[in-house]
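An overview of the molecular structure
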Amino acid sequence: MGRDKANGRLSLSPVTRELQVQWDVPANLPLYRTQEQLCEDVARALGTRAAYNPLWERLHLPVSVHNLGGCAMAEEPAYGVLDPEGQVHGYPGLYVFDGAALPVGIGVNPSSSIAAVAERNVERAIRKVKNAPGWVAPERGPAQPVRADPSASVRVGMRMMPVEETPHTPVVPGTDPLGSVVIPPGGTVASPTPVVGLRFTERMKGYLHPNHVPADDYAGAARAGQREGDVAEFVVTITLPNLDRFLAQESHGGIAQGTLHVKGLTPPGGAAVENGVFNLFVDTERFYERRMLYLLPFTGVDGQPYLLDGYKEVCDNAGFDVWSDTSTLYTVVRKGHERSGPVVSSGIIRLHLPDFLQQLTTFSVLGTSSPLKQADAIRRFGGMFMGTLWDVFARAKFD
Ligand SMILES: Cc1cc2nc3c(=O)[nH]c(=O)nc-3n(C[C@H](O)[C@H](O)[C@H](O)COP(=O)(O)OP(=O)(O)OC[C@H]3O[C@@H](n4cnc5c(N)ncnc54)[C@H](O)[C@@H]3O)c2cc1C
């Protein structure tokens, strides 16, 4: 658990009235990488191994059971639903007292902080209703507040405000647990588990045709799309935040971000893909077959959510088909961001040779500046890539 950038976005779908959350995963990757590194360090110290949430491991979806800030307190209505006392701006008498009122992520385990803010605001509401500015909740007695640092300030909405010492409670000396944390001179001990990641950019182009029947007649849909000029293309940067885990896990997952253009569905300049998922060589039911999966969510020009859902099928059919297998993306576009959504368009998007040659120049190694470690990372990724192709196309002939 950690304190992320709190840069998610909740919105109500105008059509389905469902609450949707969009989370900026790439912007929070440095935190997630550090968290994983710390888990590895702790596991190593305990002589065991770290295990991660399957949703994160497979789909790169972070999870929180500490949801805060759905209608935050802020001085100005432009910055939050509630005023700094928890009352809805412009709706006197309507209060929100739960975790939704907290304006920012406060770190882990928030229930006591949520309760403290609720008690503060309840007390203020009662003072207002009773018209009794000096009213104090009878339960307040035994609480022993920690002495606040007089120079400290808290953020309320967009503004920093001084920490308040209430006139009704005597502030007694106490220790602020965070204040007792000391960073040793020269910094903390370096992690024994360096996390090395990899990043590359891929460009693919092809044709998708709307409402082609049957939807899995990809070649037919692509031909129809080509006749009509229904171009589709994307440029995505694929990030493997932790190469060791990428190689070890069965789903071999990475994060895809970039832009995507589907004629008729996105503006000509394309739509942003923020939290796409890429899986390299996922096992299928057939022994000598692997799939590469691309899930690229985007918002259409009509403001609706869509999902580009594509797969490359890597298996040994007749002839030498390594190149066509690894460069042909059988694609559907679905309504909504779920794989269960109805198909609105289908066809084939391809990786063309000049774009592949360009892609090879985009590989970069994250998390180390050592040329040796960078070369090692590329070698290990390349080894896995070529090794899997060997398994599918060559080993099948000898088994
Ligand atoms: C698995 C799990 C483990 C956790 N562990 C910890 C922990 O160890 N320490 C910690 O500090 N925090 C923990 N948390 C987080 C903590 O429980 C929550 O942050 C906290 O309970 C949130 O309090 P709240 O009052 O904001 O919301 P809630 O406790 O969710 O209260 C909201 C209430 O509103 C009610 N409600 C919703 N809609 C309506 C409606 N339309 N009409 C009427 N009522 C409605 C709900 O039924 C609910 O009772 C954990 C959470 C989970 C899920």
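Residues numbered from 1 in each chain as written. Predicted model: local features only at pLDDT ≥ 70, side-chain atom pairs only at ≥ 80, totals over all residues. Heavy atoms only, no water.

**Topic: the overall build of the protein**
For clarity, the cut-off: Helix numbering and strand numbering both begin at the N terminus, where a helix is a DSSP run of H or I of at least 4 residues and a strand a DSSP run of E of at least 2. Using a 1.4 Å probe on the protein chains alone, a residue whose accessible area is under 20% of its type maximum counts as buried, one over 50% counts as exposed, and one in between counts as partly exposed. Methods summary: accessible areas were calculated by the Shrake-Rupley approach with a probe of 1.4 Å, and residue burial reflects only the protein chains presented.
Counting its secondary structure elements, the protein contains 8 helices and 13 strands. Considering the protein as a whole, with its 399 residues, one finds that 37% of them fall into the buried category. Just so you have it, the protein exposes about 22,900 Å², and 58% of that area is on carbon and sulfur atoms.

**Description of the pattern of salt bridges**
The cut-off we apply is this: Salt bridge, as applied in this entry: a Lys or Arg side-chain nitrogen positioned within 4 Å of an Asp or Glu carboxyl oxygen.
Summed over the entire model, instances satisfying the criterion amount to 12 salt bridges. A salt bridge links Glu36 to Arg245; the shortest N-O distance between them is 2.4 Å. Of this pair, Glu36 sits in helix α1 (residues 25-46) while Arg245 sits in helix α5 (residues 243-248), and the two are 209 residues apart along the sequence. Accessibility expressed as a relative area gives 7% for Glu36, which makes it buried.

**Looking at the side chain of His252**
As a reminder, the rule being used: Polar contact criterion, stated in full: a pair of N or O atoms within 3.5 Å, where within protein one must be able to donate a hydrogen and the other to accept it, and residues adjacent in sequence count only if both atoms are side-chain atoms. Residues are treated as being in contact if the distance between any of their heavy atoms lies within 4.5 Å.
Secondary-structure assignment places His252 in the loop between α5 and β7 (253-262). For His252, a relative accessible area of 11% puts it in the buried group. A polar side-chain atom of His252 sits 2.6 Å from the main-chain carbonyl oxygen of Phe246. Excluding residues that lie within four positions of it along the chain, His252 makes contacts with Phe246, Leu247, Phe278, Asn279, Leu280, Phe281 and Met384.

**Digging into the environment of Gly8**
Mapping Gly8 onto the fold places it in the segment before β1 (9-12). Along the sequence, Gly8 and Val21 sit 13 residues apart, while their C-alpha atoms lie 6.9 Å from each other.

**A few points about helix α4 (residues 218-228)**
Residues Tyr218, Gly220, Ala221, Ala222, Ala224 and Gly225 constitute the buried set of α4. Turning to α4, the residues buried within the fold contact β5 (197-210), β10 (305-315), β11 (328-335) and β12 (343-350). Looking one or two places after α4, you find Gly229, whose phi comes out positive at around 75°.

**Overview of the side chain of Asn121**
By secondary structure assignment, the location of Asn121 is in helix α3 (residues 111-130). On the basis of relative accessible area, Asn121 is assigned to the buried category, the value being 1%. Separated by 3.5 Å, the side chain of Asn121 and the backbone oxygen of Glu85 make a polar contact. With sequence-adjacent residues up to four places away left out, Asn121 is seen in contact with Met73, Pro84, Glu85, Gly86 and Phe97.

**Structural notes on the environment of Gly367**
Counting through the fold element by element, Gly367 comes out in the loop between β13 (364-366) and α8 (371-398). Those residues in contact with Gly367, other than ones at most four positions away along the chain, are Arg33 and Val195.

**Some remarks on the site of the ligand**
This is how it is decided: Proximity is defined per residue: if any heavy atom of the residue lies within 4 Å of a molecule or strand, that residue is considered near it.
Close to the ligand lie Val65, His66, Asp98, Gly99, Asn109, Pro110, Ser111 and Ile114, which account for all nearby residues. Note that a nitrogen atom of the ligand is positioned 3.5 Å from one of the side-chain N or O atoms of His66. Contact between the ligand and Asn109: an oxygen atom at 3.4 Å from a main-chain N or O atom of the residue. When the free accessible area of the ligand is taken as 1,000 Å², the share hidden by the protein chains comes to 29%.

**What about the confidence of the model for the protein?**
Put simply, the rule reads: Every residue carries a pLDDT, the predictor's confidence in it, which falls somewhere between 0 and 100.
For the protein, the average pLDDT comes to 82, and 84% of its residues sit at 70 or higher. Under a pLDDT of 50 for its full length, residues 153-172 has, in the predicted model, 41 contacts with residues more than four places off or in other chains.

**Let's talk about the packing of aromatic side chains**
Rules: Ring geometry is summarised as follows: Phe, Tyr and Trp rings, the Trp one being its six-membered ring, pair when their centres sit within 6.5 Å, and such pairs are stacked at plane angles under 30 degrees, edge-to-face over 60 and tilted between the two.
If you walk through the whole model with that rule in mind, you get 13 aromatic pairs. Considering the side-chain rings of Tyr218 and Tyr330, the 5.3 Å spacing of their centres and the 55° angle between planes classify their relative orientation as tilted. Separated by 112 residues along the polypeptide, Tyr218 in helix α4 and Tyr330 in strand β11 bring together distant segments of the chain. Taking relative accessible area as the criterion, Tyr218 reaches 14% and is therefore assigned buried.

**Quick word on the pairing of β7**
Successive residues of a regular strand alternate their side chains across the two faces of the sheet. Basically, it comes down to this: In this analysis, strands are considered paired if DSSP registers two or more bridges between them.
Among the 10 residues of β7, 7 are classified as buried, and the element is accordingly described as predominantly covered. Bridge analysis of strand β6 (residues 231-240) against β7 gives 8 bridges, and the strand direction is antiparallel. Across the sheet, residue Val235 finds its bridge partner in β7, namely Thr259.

**Considerations on a nonpolar patch on the surface**
We apply this condition: Exposure above 30% relative accessible area and no salt bridge define the residues that can form patches, which grow by joining like charges within 9 Å and nonpolar side chains of Val, Leu, Ile, Met, Phe, Trp and Tyr within 5 Å.
On the surface, Leu55, Leu59, Leu61, Val63 and Val65 cluster together into a nonpolar patch covering about 430 Å² of accessible area. Topologically, Val65 is positioned in the loop between α2 (54-59) and α3. Residue Val65 is classed as exposed on the basis of its relative accessible area of 70%.

**Structural notes on unusual backbone geometry**
Put simply, Val213 and Pro214 share a cis peptide bond, and its omega is -5°. Position of Pro214 among the secondary structure elements: in the loop between β5 and α4. One non-glycine residue, Asn131, adopts positive backbone phi at about 55°. Locating Asn131 in the fold gives a position in the loop between α3 and β3 (153-156). Residue classification places Asn131 among the exposed positions, given a relative accessible area of 69%. Notably, Asn211 is not glycine yet its phi reads approximately 55°, a positive angle. You can see Asn211 is positioned in the loop between β5 and α4.

**Description of the pairing of β11**
Among the 8 residues in β11, 6 count as buried, and that is most of the element. As defined by bridge partners, β11 adjoins β12 across 7 bridges and the pair is classed as antiparallel. By the bridge assignment, Thr331 is partnered in β12 with Gly347.

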